[in-house]
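As a plain string of letters, each chain reads:
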Number of protein chains: 2
Amino acid sequence: MTFLADDIYRHLVSALDEQRVKIDPADCWAYGFDNSRHHSLPSCVVFPQSHEEIRSVVQICHASGTPLIARGRGTGTTGASVPVTGGVILALERMNRILRIDADNRYAVVEPGVTNQALQDAVAAKGFFWGPDPSSATVCTVGGNLACNAAGPRAVKYGTTRDNVLGLRAVTGDGIELRAGVFTTKGVIGYDLTRLLIGSEGTLAIITEATLKLTPLPEAKRTLRVIYTDIDAAAQAVSRIMAQPITPCALEFMDGRAIELIRQYGEIPLPEQAGALLMVEVDGPTTGLDAAAQTIAAAASGRGMLSLDIANDPSTVKALWQARKALSPCLRKAAPKKVNEDVVVPVSRMPELIAGLEALSRTHGILIVNFGHAGNGNIHVNLLYDPSNPAQAEAAPHCLDAVFSLVLKLEGTLSGEHGVGIDKRDFVNRELTPETLELMARIKRQFDPAGILNPQKSLPATPTGATATPYSSPTRRL
Amino acid sequence: MTFLADDIYRHLVSALDEQRVKIDPADCWAYGFDNSRHHSLPSCVVFPQSHEEIRSVVQICHASGTPLIARGRGTGTTGASVPVTGGVILALERMNRILRIDADNRYAVVEPGVTNQALQDAVAAKGFFWGPDPSSATVCTVGGNLACNAAGPRAVKYGTTRDNVLGLRAVTGDGIELRAGVFTTKGVIGYDLTRLLIGSEGTLAIITEATLKLTPLPEAKRTLRVIYTDIDAAAQAVSRIMAQPITPCALEFMDGRAIELIRQYGEIPLPEQAGALLMVEVDGPTTGLDAAAQTIAAAASGRGMLSLDIANDPSTVKALWQARKALSPCLRKAAPKKVNEDVVVPVSRMPELIAGLEALSRTHGILIVNFGHAGNGNIHVNLLYDPSNPAQAEAAPHCLDAVFSLVLKLEGTLSGEHGVGIDKRDFVNRELTPETLELMARIKRQFDPAGILNPQKSLPATPTGATATPYSSPTRRL
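Here is what the cut-offs are and how they apply
- Residues numbered from 1 in each chain as written.
- Chains lettered and ligands numbered in written order.
- Predicted model: local features only at pLDDT ≥ 70, side-chain atom pairs only at ≥ 80, totals over all residues.
- Heavy atoms only, no water.
- UniProt positions renumbered as here; feature names shortened; annotations may be inferred.
- Helix = DSSP H or I, 4+ residues; strand = E, 2+ residues; numbered from the N terminus.
- Buried < 20%, exposed > 50% of the residue type's maximum accessible area, 1.4 Å probe, protein only.
- Contact = heavy atoms within 4.5 Å.
- Areas by Shrake-Rupley, 256 points an atom, 1.4 Å probe, with all protein chains shown as cover.
- Pairing = 2+ DSSP bridges.
- Buried area = accessible area lost by both parts, 1.4 Å probe.
- Salt bridge = Lys/Arg side-chain N within 4 Å of Asp/Glu carboxyl O.
- Polar contact = N/O pair within 3.5 Å; in protein donor to acceptor, adjacent residues only side chain to side chain.
- Nonpolar A, V, L, I, M, F, W, Y, C, P; charged D, E, K, R; others polar.
- Lys, Arg positive; Asp, Glu negative; His and termini not counted.
- Least-squares fit on C-alpha atoms with pLDDT ≥ 70 in both.
- Axes fitted to C-alpha atoms, helices over the stretch in contact; angles between N-to-C directions.
- Parallel < 35°, antiparallel > 145°, perpendicular 65-115°, else oblique.
- Left-handed = near helix turned anticlockwise from the far one by under 90°.
- Expected span 1.5 Å × (residues − 1).
- Phe/Tyr/Trp six-rings, centres within 6.5 Å; stacked < 30°, edge-to-face > 60°.
- Lys NZ or Arg CZ within 6 Å of the ring centre and 35° of its normal.

Taking an unreviewed UniProt entry as the reference, chain A is identified by name as FAD-binding oxidoreductase belonging to Alkalilimnicola ehrlichii. Regarding chain A, the UniProt comment filed under Cofactor (unreviewed entry) reads as follows: "FAD". Taken directly from UniProt, the Sequence similarities (unreviewed entry) text for chain A runs: "Belongs to the FAD-binding oxidoreductase/transferase type 4 family."

The helix and strand inventory of chain A stands at 15 helices and 20 strands. Each principal axis of the C-alpha atoms in chain A carries an extent, and together these give about 70 × 60 × 40 Å. Expressed as a percentage of the 478 residues in chain A, the buried residues total 61%. Summarising the internal contacts of chain A: among those between residues at least 6 apart in sequence, 73% fall at separations of at least 24. Carbon and sulfur atoms form 51% of the exposed surface of chain A, whose accessible area is close to 16,600 Å².

Okay, the pairing of strand β10 (residues 177-181) of chain B next. Residues and elements named next belong to chain B. Taken together, the five bridges between strand β9 (residues 165-172) and β10 define a ladder with antiparallel strand orientation. Directly across from R169, in β10, lies its bridge partner R179. In this antiparallel pair of consecutive strands, β9 and β10, the connection spans four residues, and G175 shows a positive phi of 80°.

Moving on: the interface of chain A and chain B. Each side of the interface is counted separately: chain A has 82 residues, and chain B has 82 residues. Summed over both partners, the interface of chain A with chain B comes to about 6,800 Å²; 62% of that surface belongs to carbon and sulfur atoms. By the criterion of area lost to chain B, the three top residues of chain A are K186, I189 and Y191 of chain A, representing 15% of everything that side buries. The interface formed by chain A and chain B holds six salt bridges in total. A salt bridge links R162 of chain B to D192 of chain A; the nearest nitrogen and oxygen atoms lie 3.0 Å apart. Run the count over chain A and chain B and you get 24 residue pairs in polar contact (both at pLDDT 80 or more). Elements represented by at least two residues in the side of chain A that touches chain B include exactly β10 (177-181), α7 (193-197), α8 (231-243), α14 (428-431) and α15 (434-447) of chain A. Counting residues per element, the side of chain A that touches chain B draws most heavily on α15 of chain A, at nine residues. Its residues assigned to classes, the side of chain A that touches chain B shows 37 nonpolar, 27 polar and 18 charged.

Moving on to the side chain of R71 of chain A. All names here are of chain A. Within the element layout of this structure, R71 appears in strand β4 (residues 68-71). Buried and without a salt bridge, R71 has E93 as its closest oppositely charged side chain, separated by 5.4 Å. Within the structure, R71 has its side chain in polar contact with the backbone oxygen of F33 (distance 2.7 Å). When neighbours within four sequence positions are excluded, R71 is seen to be in contact with A30, Y31, F33, S81, I89, L90, A91 and L92.

Bringing the pattern of salt bridges into the picture now. Residue and element names in this part refer to chain B. Counting across every chain of the model gives 50 salt bridges over all chains. Across the pair E111 and R97 runs a salt bridge whose closest N-O atoms are separated by 2.6 Å. Remark: R97 occurs in the loop between β5 (88-91) and β6 (98-102) and E111 occurs in the loop between β7 (107-110) and α4 (116-124); sequence separation between them is 14 residues. For E111, a relative accessible area of 3% gives the class buried.

Glancing now at the relation of the copies chain A and chain B. The relation between the two chain copies is a rotation about an axis coupled with a shift along that axis. In screw terms, the move from chain A to chain B is a rotation of 180° and a rise of 0.0 Å along the axis, fitting with an RMSD of 0.0 Å. Considering both components of the superposition, the chain copies are consistent with a two-fold axis. In terms of proximity to the rotation axis, the leading residue of chain A is G288 of chain A, whose C-alpha is 2.1 Å off the axis. An overlap of 100% is found between the interface residues of chain A and their copies at the interface of chain B, pointing to a shared contact surface.

Here the focus is the packing of helix α12 (residues 350-364) of chain A against helix α13 (residues 390-409) of chain A. Angle between the axes and distance between the axes: these two values describe a pair of packed helices. All names here are of chain A. At a minimum axis distance of 10 Å, the contact between α12 and α13 shows a crossing angle of 160°. Relative to α13, α12 is oriented roughly antiparallel. Our pair here, α12 against α13, has a crossing hand that is right-handed. Residues L353, G356, L357, L360 and H364 of α12 touch α13, and the partners they reach there are A395, H398, C399, A402, V403, L406 and V407. Class assignment for the residues of the contact of α12 with α13 results in nine nonpolar, three polar and no charged.

Another aspect to go through is the UniProt feature "domain: FAD-binding PCMH-type" (unreviewed entry) in chain A. When the UniProt feature table is mapped onto this chain numbering, "domain: FAD-binding PCMH-type" (unreviewed entry) sits at residues 38-217 of chain A. Annotation note: span residues 38-217 of chain A, helix share 21%, strand share 27%, distance between end C-alpha atoms 38 Å.

Before going further, it helps to spend a moment on helix α10 (residues 289-300) of chain B. Taking 1.5 Å of rise per residue, the 12 residues of α10 of chain B would be expected to cover 16 Å, and the 16 Å separating its terminal C-alpha atoms lies within 8% of that figure. Where α10 of chain B is buried, its residues contact β13 (220-228), α8 (231-243), β15 (276-284) and β16 (305-311) of chain B.

All names here are of chain A. All told, the structure shown has 10 aromatic pairs over all chains when counted by the stated rule. For the pair Y107 and F183, a centre-to-centre distance of 5.5 Å together with 40° between the ring planes defines the contact as tilted. With Y107 in strand β7 (residues 107-110) and F183 in the loop between β10 and α7, the pair connects residues that are 76 residues apart, well separated along the chain. A relative accessible area of 1% means that Y107 is categorised as buried. R94 extends its terminal NZ or CZ atom over the ring of F47, reaching a point 4.4 Å from the ring centre. Just above the ring of W321 sits the side chain of K325; from NZ or CZ to the centre is 5.3 Å.

Following this line, the structure appears as structure tokens:
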């Protein structure tokens, strides 16, 4: 924790009020961590309730060179909202209003602190949904979704956050109001600052309002569970499914290790020879939906398929999802402090990725379990290790390092939806060239000349920064 | 035309070869205009054939402060590729290779000079298409589509160029190689420079390679033509169609003036009371497609509908499209030098827009005919005036000015797909705030410190620039 100068505190109190400026460490403690388990105590937490209040806070921090870290509900998994340099946490949880739902024009205007679920509920009442569906949807905020370009299973059909936003209102690091984008689905005036801000993890500007693109709710859905002998067979099926014109609204997968774990901890019957499992959902108008499900089933069928089940009633749907839903609790039972990565490779390279991960698992003596969004090639690679086991604690960072090298060799990317934050910051320069990073750093300085917005996140310290040193961050790991 | 110094010429010849560096005004003339009818003679035209050659050309121009203007096939309508300051035209027409089509992973890697049609043909052979379908598709290049974020009728379902690109390779204004984006449909490492370059009209960097997202070709299509008594009835139908979950793959409209024109010049029978016409297409798997067309028909039906026809065989489809296809030739017959704008308003504001345009038409004594992509609220506003008629020539700029004011009052945007170029440059500061424009100008300087890339385009001269002075550009109007 760094000390907050008296005059800065007084300025913040006069911009908001005493109740909404917290400096007691007991009040601040809970705002120092996120779902990455990193922790660093902020000097202060403020709770703005309007665009104007945010602007005042940014101007105070800009003038005094005080770090300012925006925070939704702390569900991020990379430490992006952990105040590693101390400073002021901008807690956006009280800016949770839905300002406008325009059904005729298919958009909603919201404040950043509204939860994904509250938004979905409000727009569902008018027959719509918003594309992004991260697994933390009930808790996480739209602002957090924007900051890390969140996604979820539906992204395979409906895109990521970036594809579902029309415009933004924001405050740059020097306290200037920025308006980007439009209220329409087309617009080419000026540079696309909307998408530049999305995924920038609060390092360029604070988003104070977002205009979100809405999509009409589909009439109905069909669910398929398909089991294969091995990952190659499943990956080929994924390629076949994605090459035909009916795009599923979910195309999730689990590898053989995940299936073993479920068999072991979850007591769910799955075929002995099962080496990979796909969950596929297709949505659309009721008429034609059974035919669509049959088309998907035909594409899913081929060498190595062990079973294929289709459900269209709620209880069968639930039964089919049972294995997949059991996975997360099983993973927690097996390794409470596992590392959960979210790398991406082109769909056809998934078998090479999984084979490479098997080899790394053997080399480093760490069980690796994989599941994720197969339609996007976005794989959650879980390193199940026990930090209290010295050999595993020693091996884990090296293993993770090798995972990232493998992903890049396969023309993949280091993160599909979780972002960079602290955890991947030292790896970014393996994926992006020094010239590209240097340009990004210069862009950052245009938005935030004093460098107060979420310091030491997202971009590496220097474009040609030293080799990765995993977990070398100054935070305490809980 | 400005003079090209001998040493720059020699450097360019040594970077390429003499045959690919043209300085004879007779050779250069055709590279001085685009479909905006503006013309300005470049000092030189170069024809690079690789990323490396482009880099060399950029470095020569950067070192000497020579303007460099990228050009595809000159189909743009705003003068974006017209060299208003003279300088070197970077003609990308010989960089027209399709480098890779990866069907398994649904992407293609192309050079910028490939035409949209050549790409569509190549990927159709593998069962795919690329989303953007501008009406100039047979001629225009993918590089041009990227530069102005081109779209077309399909955008209502498949998005604009921005939504159909995974990554880019480019050269910045100081000759640095830039790699942005990924080979996958997800990726959140670093800032989104891909979408920042798309739509920037060659002012930030020269795109040398693009990785394009492909979509599987739909099995079949149904076409509907629906005629209404008035634009309000049609606009309400558009809102109803867009509020239900079957998104059409085209939702085009024509207003009453357009219908009159077709009746007058095209000799196509349309009902006497017709005040607006919608063309709607829906695509998808054959099974369920007739039901989908019926759902669209039900949504299209309501107050003011005069007729509704559905076609599913090629000759009926052709007959239904006949009126819409006749419109462009009729417009050219009625006013060969018409101004064709492409403003956008939220769908529900279309009736207000059309009513406002009717009033402007009366005030300024200029016939205004409207058609366009109703599903996106993207209206091609055609001012049919004769520049040789002094009263009309005097009135046209004022009328256009008032059109833009009206659009902004309705929460719209000044361009949906044509871009800014020269023609809308002086209007940009009506839509974007001075602070936002100042930030964009600073971003531009990070990419292009010497200001050589397509000078005097896209962004206004100064963020707080003087009031619009339409057609005040230094080019000659053909």
